[in-house]
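Report on the structure
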Amino acid sequence: EEEVYCWFYEGRNGWWQYDERTNAELEDAYTKKKKSCELLIAGFLYIIDFVNMLQFRRNDPSRRRRIKRDLMNTPKKGVAGVRLS
Ligand code: V3L
């Protein structure tokens, strides 16, 4: 089996996989050993902090979520808010 890794953000009782475009951006920044990067998600700017493995809104850092890089096959709620059926 292939060991494919991708990125997840935390929901209330589980993890959501990032959408494909955002996942590619995260993987690119992570591979370049950046400490952080900025993402535009649904009209909001978010900071990804690779040091503390957090996502938060740039204009409201209290809106904070844990993130992780894990095997694609790992249990998840769905992808970017779209639940697995
Ligand atoms: N990708 C897509 N939507 C996001 C992301 C992201 N990386 N970050 C936040 N949102 P906040 P449960 C999530 C959405 O952090 O029931 C899930 O995708 C976020 O959506 O306060 O708690 C679900 O759709 C939320 O709707 O800025 O597991 C939903 O929460 C909104 O942006 C419920 O998931 C504000 O998030």
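Right above here is the structure, for reference.
Attention here is on the structure that accompanies the text. (Residues numbered from 1 in each chain as written. Predicted model: local features only at pLDDT ≥ 70, side-chain atom pairs only at ≥ 80, totals over all residues. Heavy atoms only, no water.)

Now for the layout of surface pockets. Empty space left among the atoms is revealed by rolling a probe the size of a water molecule over them. For the largest pocket, the calculated volume is near 250 Å³. Together, Tyr9, Tyr18, Asp19, Ile41, Ala42, Tyr46, Gln55, Arg57, Arg63, Arg64, Arg65 and Ala80 line the largest pocket. Within the residue set of the lining of the largest pocket, elements represented by two or more residues are strand E5 (54–57) and strand E6 (60–71). Per-element accounting of the lining of the largest pocket gives the leading share, three residues, to E6. Looking at the second largest pocket, the residues that line it are Tyr9, Glu10, Gly11, Arg12, Trp16, Arg64, Arg65, Arg66, Lys77 and Arg83. Those elements that place two or more of their residues in the lining of the second largest pocket are strand E1 (5–11) and E6. (1 Å grid on protein atoms, 1.4 Å probe; cavity = no way out; pocket = protein on both sides within 12 Å on 5 of 7 lines; lining within 4 Å. Points joined across faces, edges and corners; volume = space filled by probe spheres on them. Helix = DSSP H or I, 4+ residues; strand = E, 2+ residues; numbered from the N terminus.)

Now for the pattern of salt bridges. Pairs can form between side chains of opposite charge whenever their charged atoms are close. This structure, assessed with the given rule, holds six salt bridges. With its nearest N and O atoms 2.5 Å apart, the salt bridge here joins Arg21 to Glu25. With Arg21 and Glu25 both in helix H1 (residues 20–31) and four residues apart, this pair spans about one turn of that helix. Exposure remark for Arg21: the relative accessible area of 49% places this residue in the partly exposed category. In this structure, the salt-bridge partner of Asp28 is Lys32, at a minimum N-O distance of 3.0 Å. When its relative accessible area of 38% is taken as the criterion, Asp28 is described as partly exposed. (Salt bridge = Lys/Arg side-chain N within 4 Å of Asp/Glu carboxyl O. Buried < 20%, exposed > 50% of the residue type's maximum accessible area, 1.4 Å probe, protein only.)

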